[in-house]
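Architecture and fold: a report
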Amino acid sequence: MQNLIRKIRRTANWGLYGSIAAVLLVVIFHFSPWHITYQSPQVSRWMLIAGAILAVLAVVMALMTIRKTTPRLRQLSDLNQKLTGYTTYITNLYRGSLSIVIIECVLILLMSDTSLLMITILLILLLFLAYPNMYKMKNDLGLTEDEMTSLFGSDYIRDPFANNSK
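Residues numbered from 1 in each chain as written. Predicted model: local features only at pLDDT ≥ 70, side-chain atom pairs only at ≥ 80, totals over all residues. Heavy atoms only, no water.

Re the overall build of the protein chain
Operational definition: A run of DSSP states H or I qualifies as a helix once it reaches four residues; a run of E qualifies as a strand once it reaches two. Both are numbered from the N-terminal end. Note that the radius of gyration is over C-alpha atoms, with the globule rule given as 2.2 Å times the number of residues to the power 0.38. Exposure is judged per residue with a 1.4 Å probe applied to protein chains only, and the accessible area is read against the type maximum: over 50% gives exposed, under 20% gives buried, and values in between give partly exposed. Contacts were defined at the residue level, with two residues in contact if any of their heavy atoms lie within 4.5 Å. Under the convention used here, a 1.4 Å probe and the Shrake-Rupley method define accessible areas, while residue burial counts only the protein chains that appear.
If you tally the helices and strands in the protein chain, you get six helices and zero strands. Beginning at the N terminus, the succession of helices and strands in the protein chain can be written as α-α-α-α-α-α. Taken over C-alpha atoms, the radius of gyration comes to 20 Å for the protein chain, far larger than the 15 Å a tight globule of 166 residues would show. With respect to the three principal axes, the spread of C-alpha positions in the protein chain is 65 × 30 × 25 Å. For the protein chain, buried positions account for 37% of its 166 residues. For the protein chain, contacts bridging at least 24 residues in sequence account for 73% of all contacts bridging at least 6. For the protein chain, the computed accessible surface area is about 9,900 Å², with 65% contributed by carbon and sulfur atoms.

Okay, structure coming up:
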């Protein structure tokens with residue numbers, strides 16, 4: 001189970017910090033004196049439309065996945081099944097979001113326009129909100145105090161007012 005928790009943390013860190021780094025590199029490159037060959041206005045317009053649709057669909061799909069997957073995982077009975085499902089869910093969410101952010105960054109560089117940057121930052125904000133720390137995992141998976149203590153040991157601070165009759 002500790003391997004699953006490490007995989008969850010590693011995947012979430014790569015997805016979140018990789019997305020932030022990609023956007024920062026694109027912003028730095030955009031405002032530097034070097035530029036990529038500009039596209040024609042028609043091509044840039046179609047790239048903007050395609051990039052906006054892609055980013056909005058990515059945000060909508062991520063929100064729908066979060067909304068549908070969490071209750072399903074909470075209903076599983078076995079802790080190992082819950083963690084395996086949560087690992088798959090976080091891996092798909094963060095790897096997919098990182099790939100969408102990279103595609104958006106390539107489009108921003110090719111268009112030499114920062115219009116898509118706002119939607120890309122919105123996607124990164126979504127990754128911040130969905131970041132799986134131990135207390136969010138407890139809430140998402142519906143874990144008890146004893147299960148949290150067995151997973152995280154002394155790092156987890158027990159709630160003194162929690163009802164242990166679960």
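Okay, back to it.
Brief notes about the nonpolar core
Note the threshold: Here, nonpolar core refers to any group of buried Ala, Val, Leu, Ile, Met, Phe, Trp, Tyr and Cys residues whose side-chain atoms link them within 4.5 Å.
Counting residues in hydrophobic clusters, the biggest one holds 41 residues, and the most contacted among them are Tyr86, Ile90, Tyr94, Val101, Met137, Leu151 and Phe152. Residue assignment for this core shows that the elements contributing at least two residues are α1 (2-30), α2 (41-74), α3 (79-111), α4 (117-129), α5 (134-141) and α6 (145-152). Ranked by residue count, the leading element in this core is α3, at 13 residues.

Re α1
For the α-helix, the turn length of 3.6 residues means that residues three or four positions removed from each other point alike. To keep things clear, this is the line we draw: Expected span of a helix, by definition, is 1.5 Å for each gap between consecutive residues, and there is one gap fewer than residues.
In this model, α1 (29 residues) spans 41 Å end to end at C-alpha, consistent with the 42 Å of a helix rising 1.5 Å per residue. Of the positions making up α1, those classed as buried are Leu4, Ile5, Ile8, Thr11, Ala12, Gly15, Leu16, Ser19, Ala22, Val23, Val26 and His30. Residues of α1 that are buried make contact with α3, α4, α5 and α6.

Structural notes on the packing of aromatic side chains
The condition that has to hold: Stacked, tilted and edge-to-face pairs are distinguished by plane angle, under 30 degrees for stacked and over 60 for edge-to-face with tilted covering the rest, among Phe, Tyr and Trp rings (Trp via its six-membered ring) whose centres lie within 6.5 Å.
All told, the structure shown has two aromatic pairs when counted by the stated rule. Relative to Tyr89, the ring of Tyr86 lies with its centre 5.5 Å away and its plane at 55°, an arrangement referred to as tilted. Highlighted residues: Tyr86 and Tyr89, both in helix α3, separated by three residues, approximately one helical turn. The same class applies to Tyr86 and to Tyr89, which are both buried.

Section: the side chain of His30
Along the polypeptide, His30 turns up in helix α1. Excluding anything up to four places from it in sequence, His30 contacts His35, Ser112, Asp113 and Thr114.

As far as function goes, none of this settles anything; it's purely spatial.
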